[in-house]
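# Structure at a glance
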Amino acid sequence: MTVQAFDWMGTSIPFRAGESIAAALDAAGIRTFGADTSGQETRYFCGIGACQCCVVRVDGVVREACVTTAIAGMRVEALEKCRG
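Note that the structure is predicted; figures quoted are calculated from it, not measured.

### Some details on the environment of Ala24
When you line up the elements, Ala24 lands in helix α1 (residues 21-27). Looking at Ala24, the relative accessible area reads 1%, which means it is buried. In this structure, the C-alpha to C-alpha distance between Ala24 and Pro14, residues 10 residues apart in sequence, is 6.8 Å. Once residues within four sequence positions are removed from consideration, Ala24 is found in contact with Phe6, Ile13, Pro14, Phe15 and Glu19.

What follows is the structure in structure tokens.
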């Protein structure tokens, strides 16, 4: 069986088919996703995209990690890493 993975800040994160980015990060022991643009810590909270507490950059685009399906090879970063 081939393990699928995406990149999280330089670390390869494995995931199962159909799994969200947030669920894969949580399974890997990553509980917080860095600060948002206002300096508030982001994390996996509601799991349905309502609270927007899990925002990350996916291949340069801001997405909610809990409702974004993980895709092999994608690059996921904390928002603060990308601020100028």
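Additional details are given in the paragraphs that follow.
### Points about the environment of Ala70
Considering the arrangement of structural elements, one finds Ala70 in the loop between β6 (61-64) and β7 (75-77). Ala70 sits in the buried class, given a relative accessible area of 6%. Linking Ala70 and Glu19, residues 51 residues apart in sequence, is a C-alpha distance of 6.0 Å. Excluding its chain neighbours within four sequence positions, the residues that come into contact with Ala70 are Phe6, Phe15, Glu19, Ser20 and Ile21.

### Points about the packing of aromatic side chains
This structure, assessed with the given rule, holds two aromatic pairs. Seen from their ring centres, Phe6 and Phe15 are 5.9 Å apart, and the 35 degrees between their planes marks the pair as tilted. You'll find Phe6 and Phe15 in the same group, each marked buried. Measuring from centroid to centroid gives 6.1 Å for Trp8 and Phe33, while their planes differ by 70 degrees, and the two rings are edge-to-face. One end of the pair, Trp8, is in strand β1 (residues 4-8); the other, Phe33, is in strand β3 (residues 32-35), with 25 residues separating them in the sequence. Looking at Trp8, the relative accessible area reads 9%, which means it is buried. Here Phe33 falls in the buried class, since its relative accessible area comes to 1%.

Basis of the calculations
- Residues numbered from 1 in each chain as written.
- Predicted model: local features only at pLDDT ≥ 70, side-chain atom pairs only at ≥ 80, totals over all residues.
- Heavy atoms only, no water.
- Helix = DSSP H or I, 4+ residues; strand = E, 2+ residues; numbered from the N terminus.
- Buried < 20%, exposed > 50% of the residue type's maximum accessible area, 1.4 Å probe, protein only.
- Contact = heavy atoms within 4.5 Å.
- Phe/Tyr/Trp six-rings, centres within 6.5 Å; stacked < 30°, edge-to-face > 60°.

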